[in-house]
Amino acid sequence: MTLSSFHNASMAWKVKANDRPYHHLPEFKKKVFLCIKKSRYSGNAIKTYKYNVLTFLPLNLYEQFKRVANLYFLVLLILQIIPDIATLPWYTTLIPLVVVLGVTGIKDLVDDLVRLLSFRKDKTLFIHREIAVQKFQESKWRDMQVGDVVRMKKNDFIPADILLLSSSNPNSLCYVETAELDGETNLKFKLGLRVTDERLQDERQLAEFNALIECEEPNNRLDKFMGTMLYEGKRYPLDLDNMLLRGCKIRNTEVSHGLVIFAGADTKIMKNGGKTRFKRTKIDELMNYMVYSIFVLLILVAAGLAIGHTYWYEAIGSKAWYLFDGKKQDSSYRGFLMFWGYIIALNTMVPISLYVSVEVIRLGQSKFINWDLQMYFLEKDTPAKARTTTLNEQLGQIEYIFSDKTGTLTQNIMQFKKCTIAGRSYGTDIWNQYADRSFQFVDHSLVECIRSGKDKDVNEFFKLLSLCHTVMVEHKDDGLVYQAASPDEGALVTAARNFGYVFLSRTQDTITIKEMEEERTYEMLALLDFNSDRKRMSIILKFPDGRIRLYCKGADTVIYERLSPKSRHKETTQTALDIFANATLRTLCLCYKDISADEYEAWSELHQEAQVAMSDRDAALDRVYEQIESNLMLIGATAIEDKLQDGVPETIAKLAMADIKIWVLTGDKKETAENIGYSCSLLTDDMQIHYGEDVKLEPATYRRGKKKPAEAFFPEPGKNALIITGGWLCKMCKGLHDNKHGGMSLQIDFVDMACECEAVICCRVTPKQKGNVVSLVKKYKKAVTLSIGDGANDVNMIKTADIGVGISGQEGMQAVMSSDYAFAQFRYLERLLLVHGRWSYIRMCKFLRYFFFKNFAFTLVHFWYSFFSGYSSQVAYEDWFITLYNLCYSSLPVLLVGLLDQDVNDKLSLKFPKLYLPGQQGALFNYKNFFISLFHGIFVSLVIFFIPYGAFLQTMGQDGEAPSDYQSFAIVTASSLIFTVNLQISLETSYWTFVNCFAVLGSIAIYFGIMFDIHSAGIHVIFPSVFTFTGAASNALRQPYLWLTIILTVGISLLPVICIQFLHKSIWPSVGDKIQRNRKKYEMELLQEEKKKKAPAFERGRRSRRSAYAFSHSRGYADLISSGRSIRRRPAARGIFQESIREVPQTAAENI
C-alpha cells in the first residue's frame, strides 16, 4: 500500500467549507437499499424518541414479544382459541398477559415521553449559518449540514461536532461546559488554529473560507480526534482540542465561529448513545435456567398425562357410552390433543408475572439506596445514586473489591509538604504578597536561601515548578485563579507561587512568571505533555539571554532511567525519597537539560513531522519526545501529601470481616501504595508481605490442566498479602502470547496465588492492566467482583467488574458516568454492601423461593385431579380463579416481602459483618432451594387436593344435600390454597409492618369479595356463558363441614413448615437466627457504644515502610498551549493580588 493510499484509508472523511454540493458528489454516496443511494453525511436532524402516536402500540408490542416469556404466553393464547384443545377460556391467559404488557408498555411510554420533551426543547434552539449573501441567518438545528460555517453565542448549546475557527476572545479561546458529555461542570478550554484566528474574523472572510478537512470517520471516542486542514496550500494538524462537541455549552465566550464536521447521527454524543454491555446478576442467570427447567418439566408432565389419556381412553373412555362425544378420533390422536390441552392447563407453572415483579422489586430497592440519608455527603450536597436497577441483589454477593487509591481511599487534595534540592531536604514564614494563606510548608532555611538568591539550585527548582506545567490562569477580582489538570499540578504551582515564583500568564509562544518580584517572559518552544505511558512531562524554553533549556518532571522510575551519568545527588535524593515515603508522601523528581540551537533545530523538524502524522500520531510524538528527554541533570524532588478519606480504615476492616477480599490497583509506586495499605488497615502487622518479584511462577511446576496447584503457594500459617507491580504483571501475562498453554497456566497460578492472600496491592498499573486484573479474577474464580474508583483511569475496571462504583471526587465525573452506583465517599461502600446489598439479596431470594412455591402448589392440583378425570385436561379450579390468582390473590404479600423484609436492622447488619457470608456462598437461592420449593409445592398441592377429596367422599350436608359436587370442591381447594399461601408468606416474613398485615389480610378479603361477586346471580344474568359458578360460593361456604375441611387442609399444609422452622432455629440456628434471638440485647449494646464512642487516635504501624509518588494526573493542556493556540492575554496592569490560588469550582457556570 502506498503512502497516499494509506492516507486515504485512514482519513476517509472529507469536509469542504461552505460547499454543500461537494458532499453530495457520487463518491460520497452510500447504498441504502438495492440501487437507492444517499449521501454518507448525515443531516443534523435526529430523533431520540422511539415512538409516535401511530407506532407506539405495534412497535412496543413487537419489542415486548421478542422476550421469550411473553411470546410463550402469546402462543398459549393462540392455542386456547382452537376448540379441540382449549381446556381454559382465552381470557385466563389474555388478562394476565395484558396486565404484564400494559405495565411494561406504560414504563416504556413514560421513558419515551421524557426523551420527546428533551428533543422538543433542543429543536427550538437556533443557530446561524453562512449563506450565499455573506450574511448569517437564523436557522433551526435540523436544517444545518456538514460543511456549514456557523456562529454560536454565549450560553448556546453546540448543535453538532464543530471545528472551532475563531472566537471573540483573544487567540480564539473558547470555554465550554461538558456536563452533557461527561457530567463535569468545570469549564474546559478549546482553541482555534492560529491561522483561522487571524484570517477568519468578519463575515466576508468566513464566507470565503474554503478549506478542506480530512479526518477520521465518525466514531464514539470522546477523548480523541485526529485530522488535518488543507488551507491555502498548507496542511495544519487538528486534534480534539480544536473541536466543539455536540451537547456542550458555550460559556464565557460572546461569539464563536465553527465549521460543521459531524452532524446528527454522526456526532460523538449520538455514537455513544448505543447500548452498553448489559450486566446480569447471578440470580438472573439462575432464574432463567430455572424457568427453562420448569418449561421442560411442564412438557414432560404434559406428555406423561397425554400418554395416560391415550391408555385410559383405549381401556375405559371408548367403551363408556356416556362419554361418547360423537367424534371419530382414535386414542393416539386424542392423546395428542390432550398434550396441548395440558400445556394450556398447566401453563401457570411458568410464571408470567415473575419478571415484572422482579423489576418492581429492583426499582424499589434502588429508590431506597437513593433515599438513604446516611449515604448523603453534606459537604458536596451529593446523595448516593443507583444508576441501574438490575444489580441490587448482586451487591449482597461480592467476593472481591478492586479499588483505586488516589481519590478513592485518599482525598486527592494535595498539599506540598517537603522537598529535596541538590541533596538537601527541606520541609520542617509566609513572606510574599502572593502567598496562599492556607499553605502549610514552613522551613526558614529554605526561605532564606530563596531570599538571598545565592543558591542557584534552589532557584532552578522553583523556576521549574512555575514553568513546567499545563496550568491555566485567570485574573479575577485582583486575584489569580488556576485551573490544573490534576490536584498534583495545582499543589506544585501553588508551592512555587508561595516561594516567590509566581506563574502569571501564558500565550501559545510564551510563559510569564514573577521571580522574586521581577517579571520575566520565556519563549516556549515545545511542550511535551504527560500521558499514562510516559509518566512525565517536559517543556523546552528559550531564555531571555538566548539559552535553550528543557525542564522535566516525572515519576522517579522514568526520570532515573534518563539521567546523565554526570548528574549529581542521585544517592542523596533517593535517600530523601525513601524518607518522604515513610511519611506516606507522593514524590516527584525534577531535572533539566541544556540544549544547543543546532540540536533543537534538528529535533524540531522531527517534532513538526510527528505533529502532522496521519496515523499513530501519539506513538510518533512519543518517539520524538524520547530522543530529546535524555542525559538529564537532576535538581531534586518534591513530596506531596494526600490524606486518607474519613472512615476508610474502619470500612476496610469491616469488609474484611465479611470475607470480602480487597485489591488496590494504583498507578503509584510500590512503596507509596504499601504505606497507604498500612494506613488504611488493608495491611496489618500480623500479615506476611510477599512481593511479586520474589515469587517464581513456573507452569511446568504444576500439573497441566489443573486450575489449582497441587499445594498452597503459602503453606505457612497466618495471613498473607501480595504486592506486585505493573511490570511484573505484564511479564507474567506476556507468556499468553508466546505460549498459549504456558501463558494460561501462569495466569491461573497468579490468580490462585493472589486469591490465597487477605489483601493484594497492584502498583504502577495502567488503566488497561486494571481491567485485565479484574477480568482474570472473573474468568478463573467465577467470583462476583466490584470495582470502585473516581477518575477516568478507573473507567476500564469499573466497566469490567460485575458491579462498578464511581466516587464523585476531584478527578471529574468520568467514573461516575460509567458506574452502576455512585456516591461521594469510600466509607459509604460499607453500608451499600452490608446493608442494602445484603437486604436486597435476602429479599430477592425469599421472593423467588416463595414465588416458585406458590405457583407449584397452585398448578400441581390440576395434576392430581387428572388421575380422577380420565387425564382429560379438565382444570380443578374455576376459570376466573386461575385468571386472578397471580394478579390479585397472592401477588401483593410476596411483593412487599421483596421490598421491605429485613432479618435484622441496619445497625446490627453493620455490627455483625458475618451476616454477609450466605450471599457470597449463594446459600439462599440455588438449585437446592429451587427443588425444595418444588417439593414443598408438590406436598402442599397433595394436601390441598386429597384432604378435600377425602372429605367430599360420601358426605351429606346439614340440609340433606350432598355438597360433593365439582363446583363446591373447586371452591374448597381454592380457598384452602389462598389461606395456605398467604399464611405461608406470613411465616416467611421477618419484618412486620402495617403494610404487610394489610397485604396478607387484604389479599384474603379480596379473594372472598371477588369470589362472591362473580358467583352472584346478577353477573350470571349479564354474562351467562362466562360466569357459570352461580351461587356456588354461598352454597358451599355455608356448610360448617367444609369450613372444617379448609381449616384442616391449611393446618396440615403449614404444620411441617412450622416444625422445620422451629427445629432449625432451636437446634441448628444460623448467625442471623442467633442475632435475631438476642436482638434487644445487641441494640442496647449499640446504644451504649454510641454514647461512649470517641475519635480513635491514629497509630502508625511498627513496620518500616517506604513510599514514593507516581505521576498519575490526567492529560494536561499542552496541546492547547503549544500547537499555535493560546490562552487569554494577561492584562496590561496588575495590582496586588490578595487572593490565593484556588481551584476553579465545579459549579462554575458563567465566569471563571
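Parameters at a glance
- Residues numbered from 1 in each chain as written.
- Predicted model: local features only at pLDDT ≥ 70, side-chain atom pairs only at ≥ 80, totals over all residues.
- Heavy atoms only, no water.
- Buried < 20%, exposed > 50% of the residue type's maximum accessible area, 1.4 Å probe, protein only.
- Helix = DSSP H or I, 4+ residues; strand = E, 2+ residues; numbered from the N terminus.
- Pairing = 2+ DSSP bridges.
- Axes fitted to C-alpha atoms, helices over the stretch in contact; angles between N-to-C directions.
- UniProt positions renumbered as here; feature names shortened; annotations may be inferred.
- Polar contact = N/O pair within 3.5 Å; in protein donor to acceptor, adjacent residues only side chain to side chain.
- Phe/Tyr/Trp six-rings, centres within 6.5 Å; stacked < 30°, edge-to-face > 60°.
- Disulfide = S-S within 2.5 Å.
- Parallel < 35°, antiparallel > 145°, perpendicular 65-115°, else oblique.
- Left-handed = near helix turned anticlockwise from the far one by under 90°.
- Contact = heavy atoms within 4.5 Å.
- Salt bridge = Lys/Arg side-chain N within 4 Å of Asp/Glu carboxyl O.

Peer 1: I tried to follow the pairing of strand E23 (residues 510-515) on my own but got confused; where do I start?
Peer 2: The side chains of a regular strand alternate, residue by residue, between the two faces of the sheet. With respect to burial, E23 is a largely interior element, five of its six residues being buried. Note that strand E22 (residues 501-506) and E23 share five bridges and pair antiparallel. Bridged to Phe503 within E23 is Ile513. Between E22 and the antiparallel strand that follows it, E23, lie three residues. Pairing geometry for E23 and strand E24 (residues 518-528), over six bridges, is antiparallel. Residue pairing across strands places Lys514 opposite Glu519, the latter belonging to E24. Joining the antiparallel neighbours E23 and E24 is a turn of two residues, in which Met516 adopts a positive phi near 50°.

Peer 1: Which parts of the structure should I look at to understand the sheet that holds E24?
Peer 2: Across a sheet, strands are paired by hydrogen bonds formed along the backbone, either parallel or antiparallel in direction. Sheet architecture is open: nine strands sit in the order E19-E18-E28-E27-E26-E25-E24-E23-E22, paired in antiparallel fashion. Bordering the open sheet on either side are strand E19 (424-426) and E22, each of which pairs with just one other strand. For this sheet the average axis-to-axis angle between neighbouring strands, irrespective of direction, equals 30°. Examined bridge by bridge, strand E18 (residues 410-421) and E19 share three bridges and lie antiparallel to one another. Following the sheet pairing, Cys419 is matched in E19 by Tyr426.

Peer 1: For this particular structure, what's the right way to read the environment of Ala555?
Peer 2: Here Ala555 lies in the loop between strand E26 (548-554) and helix H15 (556-561). Residues Ala555 and Asp668, spaced 113 residues apart in sequence, show a C-alpha to C-alpha distance of 9.0 Å.

Peer 1: Got a minute to help me understand the UniProt feature "active site" (unreviewed entry) in the chain in this structure?
Peer 2: Look at the UniProt record and you will see "active site" (unreviewed entry) annotated at Asp404. Secondary-structure assignment places Asp404 in the loop between strand E17 (400-403) and E18. For Asp404, a relative accessible area of 3% gives the class buried. A polar side-chain atom of Asp404 sits 3.3 Å from a polar atom in the side chain of Lys770.

Peer 1: What's the story with the packing of aromatic side chains in this structure? I'm lost.
Peer 2: Any aromatic ring pair is given by two values, namely how distant the centres are and how the planes are angled relative to each other. One pass over the full model with this rule turns up 59 aromatic pairs. When the centroid spacing of 5.0 Å and the interplanar angle of 80° are considered together, the rings of Tyr522 and Phe543 count as edge-to-face. Taken together, the residues span a long stretch of sequence, with Tyr522 in strand E24 and Phe543 in the loop between strand E25 (536-542) and E26 at a distance of 21 residues. Here Tyr522 and Phe543 have matching classes, each one buried.

Peer 1: Can you help me understand helix H20 (residues 670-679) in this one?
Peer 2: Residues spaced three or four apart along an α-helix face the same direction, because each turn holds 3.6 residues. Most of H20 sits inside the fold, with ten of its ten residues counted as buried. All of the buried residues in H20 are Lys670, Glu671, Thr672, Ala673, Glu674, Asn675, Ile676, Gly677, Tyr678 and Ser679. Ser681 lies just past H20 and shows a positive phi near 70°.

Peer 1: Please clarify how the state of the cysteines should be interpreted in this entry.
Peer 2: Linking two cysteines covalently through their sulfur atoms gives a disulfide. Following the criterion strictly, the structure yields zero disulfides and no others. In this model Cys589 remains outside any disulfide bridge; the closest cysteine sulfur is found in Cys591, 7.7 Å from its own.

Peer 1: Where do I start with the packing of helix H32 (residues 966-988) against helix H36 (residues 1040-1067) in this structure?
Peer 2: To describe two helices that pack against each other, one gives the angle between their axes and the distance between the axes. Two elements in contact, H32 and H36, have axes separated by 9 Å at closest approach and are oriented at 30°. With respect to H36, the element H32 is oriented roughly parallel. Of the two possible hands of crossing, H32 and H36 adopt the one that is right-handed. Here Val972, Ser975, Ser976, Phe979, Thr980, Leu983, Gln984, Leu987 and Glu988 of H32 come into contact with H36, specifically with Leu1042, Trp1043, Thr1045, Ile1046, Thr1049, Val1050, Ser1053, Leu1054, Val1057, Ile1058 and Gln1061.

Peer 1: What is the right way to look at the pattern of salt bridges in this model?
Peer 2: Close approach of charged atoms allows side chains of opposite charge to pair. Across all of its chains, the model carries 35 salt bridges by this definition. With a closest N to O distance of 3.4 Å, Arg251 and Glu177 form a salt bridge. Taken together, the residues Arg251 in strand E14 (residues 249-251) and Glu177 in strand E8 (residues 173-177) connect sequence positions 74 residues apart. You can call Arg251 buried: its relative accessible area is 9%. What makes Glu177 buried here is its relative accessible area of 14%. Residue Glu641 pairs with Lys417 through a salt bridge whose shortest N-O separation is 3.7 Å. A single salt-bridge network, built from bridges that share partners, covers Arg536, Glu561, Arg562, Glu626 and Glu629.

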